[in-house]
Each structure stands twice: as structure tokens, then as C-alpha cells.
Amino acid sequence: MRVSVLGLGYVGCVSAACLASLGHEVIGVDVNQVKVDLVNDGRAPVVEERIGELTAEVVRAGRLRATADVREAVQGSEVSLVCVGTPSEANGSLCTTYLERVTEQIGAAAAEKGGRHTVVFRSTMLPGTCLDLLVPILEKHLGGTAGVDVGVAVNPEFLREGTSVRDFFDPPKTVIGELDTASGDVVAALYGGLPGEVFRVPVPVAEAIKYADNAFHGLKIGFANELGAVCRALGVDSHQVMDVFLADRKLNISPAYLRPGFAFGGSCLPKDLRSLVHAARRADVSVPILSHVLPSNADHLQRAVELVERTGSRRVGMFGLSFKPGTDDLRESPLVELAERLFGKGYDLRIYDPNVNLSRLLGANREYIETRLPHLAQLLAPTVDEVLRHAEVCVVGTRDPAVLSALPPGGDRVLVDLVRLPDAEARRAEPGYTGLAW
């Protein structure tokens, strides 16, 4: 098929390259000309496992190109995947500004083109957003009826940053929220041949599924971290406790995310929990567990701050900054929040992350870090050794091989472990080592 993908962030960039590799003819669209130029040059605008090679391959083969012109892309395609951002507003509600704007543009371009065009919303949005907000906008600018003159579907993504290419080709499930059967058929054909069960459901169900998944993922992480903190205070090995807990595969569901570690973050879980709780409040629905997941997560991050404060040292080296290993995404990274708090408290801070290069950060990712940690350029160090030479306290937030191999044995400095290092069991006997929740 001829496909336009609107929004070339993590989801859009991966979706575009992977769809092109399946044989579709793909046009990527983004308002950021730098991203457009990178794609047309065969380079991915994000750091992600396999995405660089895949982008180069499909651009070279002529199956992927990019433009900043929505009209050109829509008129040159038969189906449009909307992958624009839906960030949180200040009060936690979902920002739909980018969705509304791109829907207007698609409707106007499809009206000029004529014939039936299918619009597939891949962005995360609350139930009711598509049918109550976006469909009326689309119909107004199209001058037609959704489900008759234009196809509409919601197709949430389940791509984990760091493994998103693998997740695309081996999805846990494919969810198609279809306004009508013909719209659902178009989406199903996009992913023809991929493994995993396909669920064709009403549009609001598809919108809600992503929130159910992400709310539960956030809940699992918070549960494990709270349990880990309690176990540590009682002198119990939280990982031994969780080993037994996870052995029950019948009742305890899955081991995914259920390991005490650092706070969660990123562009999905915090935003989706906030918007879901906000929607519940507006509907006068009490959600005491969900409403306390983010405060629990913040408390867990504060535990890391307090571990550093208790050392009494002022020179701190941090290893890791992005919210997840293998990516350069800094949006709502708990490590960025930790760095911000330590810097604000006057600590002499140096940071190393092999995937974070200020000159490569684009769009919302760059805007976020410029707002939250504007002094990052002076804090970043180019090598592990430079941070080690500076630090009296090493805060380890990554399992990057270069960091693991360089970390010295305990004794000569304090090591605060946020990720449970592979040799954590041996290090626990060393002076200076402390684990966050074990």
C-alpha cells in the first residue's frame, strides 16, 4: 500500500521504516525539517536498536521518503497513520492540539484528492477522543461522512523504546479499533503476515487498551519498588522475595516490570497515568490506586536523592540519563529528574550516557531537556573515566557494558546502585555500596 506516516518521533519513525520494510511505499511527514532531511538522507532521527540500519535500507530501496508537506503526503497515499504527540497539559489532561491540527490537514487534503482515504490514529488518546473530537473535525474539512467517504480506525502501538523494531515485527497483539469493517480491513492488511493475535474492536475499546496496559505497567513497577523499599528496611533481600512471587505464573500474571529498580518514566507511562486519573476525576470516579501510582513513583525517586544526601559527599558522578537503556529519549526520565534535584541542591555533578548527544536531540526531546536541565551541556562528560575521576559518589542508573567494566570495586568511594548491578550480590558486602531497594 501507499502509506503516509504523520509525525516522525519514536513511534512514527519506527512505524514508517518497518512498514517500508514490509513492502509498503511510505511517506513520512514532520514539521521539523531536520527530521525530514535526516530520513531523506537515510538516517534515523532517533537512537534505537536496528532503526538506523533499517532506515538506510528502505530509503536506499526507494520505499521511504519524507516531507514537511501534509497535503503532498496525503495525496500521494491511500492510508495515513497519525503518530503525532499527545503530551500532558499542566493539569495532567491530555493535549490534543497536534491531533486536531493534523486531522484538519488530512481532511482538507483528502477532500482535494477525492476517493476514499483511510485515517488511522496511532497516537495514544483517551476513549472518546476519536469519535467525539477528531471525527467531527475530519468530516468538517473533508465535506463527507466518516465510515462512508473516509475510513477511520484507531491502532494503538505497543512498542517499547529500546526494542521497538523487534516489537513491531513480533507484536504481543495487534489492536484495530474500526469505525467500519472496510477501515479495519485496511489496517489488518498493513500488518499482514506478522505474528500475534489480532483484535478488531470498537474504536473506544482500542483507545482504552493502551491506557489499561500502561496503567498496569506503571502499577507493577510501583508495587515492586515499594515492596523492595520495605524489604530493604527490614533486612530482607527483595529479589529473593520476588523470585518466589514470580514463580507463581498462574496467579501473578507476568514477570514484566516486576523487579525492584529505579523509578519509571518516559513519554508514555507518566503521561497516560496523569490523563487517565484526570479523566476519572472529571467523571467523579474514585481511583485511589491509580491516583497514587505517580506519587509512589516520586517517593521512590526521592529515596535515591536521600541515599546521596546521606553520604555527606558533594562530588557526584551519574551514569545514565535517558529514561531507558539503548535510547536517547530524555522526556520525563527519572534520571533527568534526579540530576535536576541534585544540581539544584548544589551538588558538583558530572554525567555520562553513551546515547545522549546534545547535537542529536530533536523536537520534543530537545525541548524537554532545555526546559528541565538547561545546564546539561556543562554536566555531560565524554567518557566513563572522566566521571570516575571526578566522583566521590557514583550513582549507577545504567547497565551499559562500558560503565559496568569500568566501575571499581567498593571501598574507595560510595556506589549508589539504582539498577541492581549484575554483581550486586557480591558488592553488598563491600563498604560504600548501597542498593536502592535491595
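One numbering rule holds for all chains: residues counted from 1, following each sequence as written. With pLDDT at 70 or above as the cut-off, local features in this predicted model cover only qualifying residues; side-chain atom pairs require 80 or more to be listed or tallied, and sums for whole chains, interfaces and linings still use all residues. In computing side-chain values, all of the structure's heavy atoms are included and hydrogens and water are not.

Overview of the sheet that holds strand 7 (residues 174-178)
Under the convention used in this document: For two strands to be treated as a pair, DSSP must find at least two bridges joining them. Every helix listed is a DSSP run of H or I at least four residues long, and every strand listed is a run of E at least two residues long, numbered separately from the N terminus. Axis definition: a line fitted to C-alpha atoms, over the contacting stretch in the case of helices. Angles run 0 to 180 degrees between N-to-C directions. By definition, residues are in contact when any of their heavy atoms lie within 4.5 Å.
Across the sheet, eight strands lie side by side as 3-2-1-4-5-6-7-8; this open sheet has mixed pairing. Edge positions in the sheet fall to strand 3 (64-67) and strand 8 (198-201), since each has one partner strand and no second. Each neighbouring strand pair of the sheet contributes to a mean axis angle of 25°, computed without reference to strand direction. One ladder, built from two bridges, connects strand 6 (residues 150-154) with strand 7; its direction is antiparallel. Each bridged residue has a counterpart across the sheet, and for Ala-153 the counterpart in strand 7 is Glu-178. Each of strand 5 (117-121) and strand 6 touches helix 6 (residues 129-142); the most contacted strand, strand 6, lies at about 155° to it.

Digging into the UniProt feature "binding site: GDP-alpha-D-mannuronate" (unreviewed entry) in the protein
Inclusion rule: UniProt positions are given in the numbering used here, feature names are shortened, and annotations may be inferred rather than shown by experiment. Whether a residue is buried, partly exposed or exposed follows from its accessible area with a 1.4 Å probe, protein chains only, as a fraction of its type maximum: under 20%, in between, or over 50%, in that order.
Within this numbering scheme, the UniProt entry marks Glu-161, Lys-210, Asn-214, His-217, Asn-225, Tyr-257, Arg-259, Phe-262, Gly-265 and Lys-324 as carrying the feature "binding site: GDP-alpha-D-mannuronate" (unreviewed entry). Across 164 residues of sequence, these annotated residues are also dispersed in space, with a maximum C-alpha separation of 22.9 Å. Within the element layout of this structure, Glu-161 appears in the loop between strand 6 and helix 7 (164-169). A relative accessible area of 11% means that Glu-161 is categorised as buried.

A word on the pattern of salt bridges
As a reminder, the rule being used: Between Lys or Arg on one side and Asp or Glu on the other, a salt bridge is scored when a side-chain nitrogen of the former is within 4 Å of a carboxyl oxygen of the latter.
Within the structure shown, the criterion is met by 31 salt bridges. A salt bridge links Lys-173 to Asp-213, with the nearest nitrogen and oxygen atoms 2.8 Å apart. You can see Lys-173 sitting in the loop between helix 7 and strand 7 and its partner Asp-213 sitting in helix 9 (residues 203-233), a full 40 residues away along the chain. A salt bridge links Arg-420 to Asp-237; the shortest N-O distance between them is 3.8 Å. Of the two residues, Arg-420 sits in the loop between strand 12 (414-417) and helix 19 (424-427) while Asp-237 sits in the loop between helix 9 and helix 10 (238-247), which places them 183 residues apart along the sequence.

Digging into the environment of Phe-223
With respect to the helices, strands and loops of the structure, Phe-223 is situated in helix 9. Taking relative accessible area as the criterion, Phe-223 reaches 37% and is therefore assigned partly exposed. When the C-alpha atoms of Phe-223 and Pro-260 are compared, they prove to be 8.4 Å apart, with 37 residues separating the residues in sequence. For Phe-223, the contacting residues outside a window of four places in its chain are Met-242, Phe-245 and Leu-258.

What to know about the packing of aromatic side chains
Applicable threshold: Put simply, two rings from Phe, Tyr or Trp (the six-membered ring, in Trp's case) pair if the centres are within 6.5 Å, and we call them stacked under 30 degrees between planes, edge-to-face over 60, tilted for the rest. A ring is considered to have a charge above it if a Lys NZ or an Arg CZ atom is located within 6 Å of its centre and within 35 degrees of its normal.
Taken as a whole and judged by the stated rule, the model has three aromatic pairs. Seen in terms of ring centroids, Phe-223 and Phe-245 are 5.8 Å apart; in terms of plane orientation they differ by 45°. Their pairing is tilted. Residue Phe-223 is found in helix 9, and its partner Phe-245 is found in helix 10; the two are separated by 22 residues along the sequence. An aromatic cluster of at least three residues, connected via ring pairs, comprises Phe-168, Phe-169 and Tyr-191. A cation sits over an aromatic face here: Lys-173 above Phe-158, 4.2 Å from the ring centre. Sitting over the face of the ring of Tyr-347, Arg-314 holds its NZ or CZ atom 4.0 Å from the ring centroid.

Describing the environment of Gly-151
Here Gly-151 is to be found in strand 6. For Gly-151, a relative accessible area of 0% puts it in the buried group. Along the primary structure Gly-151 and Ser-80 are separated by 71 residues, whereas in three dimensions their C-alpha atoms are 10.0 Å apart.

What about the sheet that holds strand 9 (residues 315-319)?
The sheet built from five strands is open, its strands ordered 10-9-11-12-13 with parallel pairing. Two strands lie at the open edges of the sheet, namely strand 10 (348-352) and strand 13 (433-435), each paired on one side alone. Between one strand axis and the next, the sheet turns through 20° on average, direction left out of account. Bridge analysis of strand 11 (residues 393-396) against strand 12 gives four bridges, and the strand direction is parallel. Of the residues in strand 12, the one forming a bridge with Val-395 is Val-416.

Thoughts on the packing of helix 9 against helix 11 (residues 269-282)
Any two packed helices are characterised by how steeply their axes cross, that is the angle between the axes, and by the distance between the axes. Our working definition: Roughly parallel means an angle under 35 degrees; roughly antiparallel means over 145; roughly perpendicular covers 65 to 115; every other angle is labelled oblique. Left-handed describes a crossing whose near helix is turned anticlockwise from the far helix by less than a right angle; the clockwise case is right-handed. In this classification, the charged set is Asp, Glu, Lys and Arg, the nonpolar set is Ala, Val, Leu, Ile, Met, Phe, Trp, Tyr, Cys and Pro, and all remaining amino acids, among them Gly, are polar.
The N-to-C vectors of helix 9 and helix 11 enclose an angle of 110°; their axes lie 9 Å apart at closest approach. With respect to each other, helix 9 and helix 11 are oriented roughly perpendicular. Between helix 9 and helix 11 lies a crossing of left-handed hand. Here Lys-210, Tyr-211, Asn-214, Ala-215, His-217, Gly-218 and Ile-221 of helix 9 lie close against helix 11, whose contacting residues are Leu-269, Asp-272, Leu-273, Ser-275 and Leu-276. Class assignment of the residues belonging to the contact of helix 9 with helix 11 gives a composition of six nonpolar, four polar and two charged.

Remarks on the domain arrangement of the protein
How we decide: Those domain boundaries reflect an automatic or database domain assignment. When two components associate, each loses some accessible surface as probed by a 1.4 Å sphere; the sum of these losses over both components is called the buried area. Distance and chemistry together define a polar contact, namely a pair of N or O atoms within 3.5 Å, with one atom able to donate a hydrogen and the other to accept it when in protein, and with adjacent residues in sequence counting only for side-chain atoms on both sides.
Segmentation of the protein into domains returns domain 1 (2-203) and domain 2 (296-435). Once you take the C-alpha centre of each, domain 1 and domain 2 turn out to be 35 Å apart. Facing the 14 residues of domain 1 at the interface are 13 residues of domain 2. Carbon and sulfur atoms supply 49% of the area buried between domain 1 and domain 2, which totals about 960 Å² over both sides. Counting the surface domain 1 buries against domain 2, the share from its top three residues, Tyr-10, Val-47 and Glu-161, is 56%. Between Arg-331 and Glu-161 there is a salt bridge, with its nearest N and O atoms 3.9 Å apart. Counting across the interface, domain 1 meets domain 2 through three residue pairs in polar contact (both at pLDDT 80 or more). Top element by residues in the side of domain 1 that touches domain 2 is helix 2 (residues 33-40). It accounts for three residues. Partitioning the side of domain 1 that touches domain 2 into residue classes produces seven nonpolar, two polar and five charged.

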